[in-house]
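So you can see what is in the structure, the chains are spelled out below.
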Amino acid sequence: MCPCYGDLLCKIGKFVLLSPEQAFAVKMETEEGSGWTRGTGSGPGLDVDPGPCCYAGFEGTDVPEQDPKPQNRTRSPSSSVSSPPSCTNYRRSQSLHGPSPVTTFGPKACMMKNPKAIMHIQDPASQRLTWNNPPKSVLVIKKIRDPSLLQPFKNLCKFLTEQKNMIVYVESKVLEDPAIACDENFAVIKNYFCTFREEFDDISNCVDFIICLGGDGTLLYASSLFQESVPPVMAFHLGSLGFLTPFSFDTYQSQVTQVIEGNAAIILRSRLKVRVVKQCMEKKTHKGLIVLNGDMESSPKTLQYQVLNEVVVDRGPSSYLSNVDLFLDGHLITTVQGDGVIVSTPTGSTAYAVAAGASMIHPNVPAIMITPICPHSLSFRPIVVPAGVELKIMLSCDARTTAWVSLDGRKRQEICHGDSITITTSCFPVPSICSRDPLNDWFESLGQCLHWNVRKKQTYLSSEEEEF
């Protein structure tokens with residue numbers, strides 16, 4: 001998710017995106033028989049050279065082929081189901097987002113040089129999804145331990161394998177559900193699945209797009225499976241909230257078919273790249289005892305995450321106020337004293353942040369929201385900073401206790417003196433497929449899920465009543 005600033009070139013994840021004029025020029029050359037091309041330059045006068053990829057310039061040759069690791073892939077000789085393509089040596093079909101935004105996010109990112117010095121703002125509704133090649137594989141994410149999703153999951157998988165001839169990837173723990181494992185009628189379909197395990201198997205280059213069955217947490221989980229480029233995500237509302245899940249399952253066949261055929265509305269939801277550095281230092285407990293946090297002689301431990309909603313730093317179980325320093329591009333801007341601080345994306349601004357008093361930001365806005373949690377100062381209000389800045393959070397030297405950090409509600413860990421949390425906008429957004437378009441979907445979610453500006457209307461005044 002980034003805005004369009006002129007005739008510029010941008011690389012978002014593994015997608016290189018051109019301005020509409022550049023895409024049209026290269027497409028015209030393609031139609032004249034020169035084959036697919038990929039961009040190698042930037043700005044007006046872009047040079048192109050032939051390649052096996054699309055005119056939007058996906059640098060597919062830069063990514064080594066990786067064999068998927070299916071753990072349960074057998075064929076039933078007596079099955080009447082048509083055979084989907086083999087998942088062996090299959091590499092993901094890349095989606096194209098055009099016309100497309102053209103800014104590179106990261107620390108100290110800036111607007112690229114425009115010879116005409118004109119700023120072009122792209123209409124969010126014009127963002128569309130098309131495919132380089134027809135998609136052949138799909139990852140189906142189902143909410144675990146929810147009996148109401150069993151039948152929708154079976155119907156969807158049967159539709160994808162029998163009618164769409166797709167390779168279906170499913171988590172191993174999903175198939176371990178007794179209601180699925182003991183279903184003899186579903187056994188034939190299971191033989192065509194490719195299974196994987198979280199944190200063990202890499203499917204980043206095997207999946208063309210993702211289908212989520214559940215609520216917002218299911219989409220957050222799907223985002224966490226891909227630490228770099230994320231395939232387009234189609235989320236069905238089958239959970240408790242559904243702010244990020246615009247599709248209804250009642251007409252899933254026609255909706256999935258439309259996505260497979262391409263030309264669907266899409267929104268690029270920015271993520272945060274979070275780096276947690278754990279120093280090996282000593283700390284004092286509340287009883288005055290000295291304990292070591294790891295080996296004093298070992299090097300610092302660095303952990304990196306991609307976060308879709310927010311990073312929360314709080315005081316944890318301590319009764320004292322949290323006391324953390326907040327740096328912006330290396331400069332100390334404030335010390336947070338209170339229950340903690342929330343650093344969120346525009347997508348996360350309608351989650352924990354809005355409950356803490358923050359404004360709601362449309363996902364197409366390139367920004368980072370900083371929201372204090374119950375600050376000790378009444379003048380400490382939420383602020384919005386540009387997406388390209390680098391934030392750093394550290395425990396203050398005079399803090400009475402440690403702090404705790406959680407990332408999208410997961411990976412919760414303690415932050416001690418000397419540890420640091422570095423946050424900036426990731427260059428790998430989540431391409432979220434829209435039911436209608438980015439604006440209508442967002443405002444519809446505000447009304448249905450958050451009841452935004454819902455109130456009892458005033459009655460009409462007659463002419464006699466207006467005189468009084």
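Further up the page is the structure itself.
Cut-offs used in this document
Residues numbered from 1 in each chain as written. Predicted model: local features only at pLDDT ≥ 70, side-chain atom pairs only at ≥ 80, totals over all residues. Heavy atoms only, no water. 1 Å grid on protein atoms, 1.4 Å probe; cavity = no way out; pocket = protein on both sides within 12 Å on 5 of 7 lines; lining within 4 Å. Points joined across faces, edges and corners; volume = space filled by probe spheres on them. Helix = DSSP H or I, 4+ residues; strand = E, 2+ residues; numbered from the N terminus. Nonpolar A, V, L, I, M, F, W, Y, C, P; charged D, E, K, R; others polar. Axes fitted to C-alpha atoms, helices over the stretch in contact; angles between N-to-C directions. Parallel < 35°, antiparallel > 145°, perpendicular 65-115°, else oblique. Left-handed = near helix turned anticlockwise from the far one by under 90°. Contact = heavy atoms within 4.5 Å. Pairing = 2+ DSSP bridges.

### Some remarks on empty space enclosed by the protein
Moving on, step 1. One pass over the full model with this rule turns up four cavities of 30 Å³ or more.
Moving on, step 2. What the largest cavity holds in volume is close to 110 Å³.
Moving on, step 3. Elements represented by at least two residues in the lining of the largest cavity include exactly β12 (264-269), β27 (430-433) and α9 (438-449).
Moving on, step 4. Among the elements that line the lining of the largest cavity, the one with the most residues is α9, at four residues.
Moving on, step 5. Of the residues in the lining of the largest cavity, the class split is nine nonpolar, four polar and two charged.

### Re the packing of helix α2 (residues 150-163) against helix α7 (residues 252-261)
The description of two packed helices rests on the angle between their axes and on the distance between the axes.
Moving on, step 1. Following both chains from N to C, one finds α2 and α7 inclined at 50 degrees, their axes separated by 11 Å at the closest point. When the axis of α2 is compared with that of α7, the two are oblique. You can see that α2 and α7 cross each other, and the crossing is right-handed. Contacts from N155, L156, F159, L160 and Q163 of α2 reach α7 at Y252, Q253, V256 and T257.
Moving on, step 2. Its residues assigned to classes, the contact of α2 with α7 shows five nonpolar, four polar and no charged.

### Some thoughts on the sheet that holds strand β22 (residues 383-386)
Moving on, step 1. An order of β22-β21-β20-β17-β24-β25 is seen for the six strands of this open sheet, with the pairing classed as antiparallel. At either end of the open sheet lies a strand with only one pairing partner, and these are β22 and β25 (410-415). Adjacent strand axes in the sheet meet at a mean angle of 20 degrees, parallel and antiparallel pairs treated alike.
Moving on, step 2. With five bridges joining them, strand β20 (residues 340-344) and strand β21 (residues 367-373) adopt antiparallel strand pairing. Counterpart to G340 in the pairing with β21 is I373.

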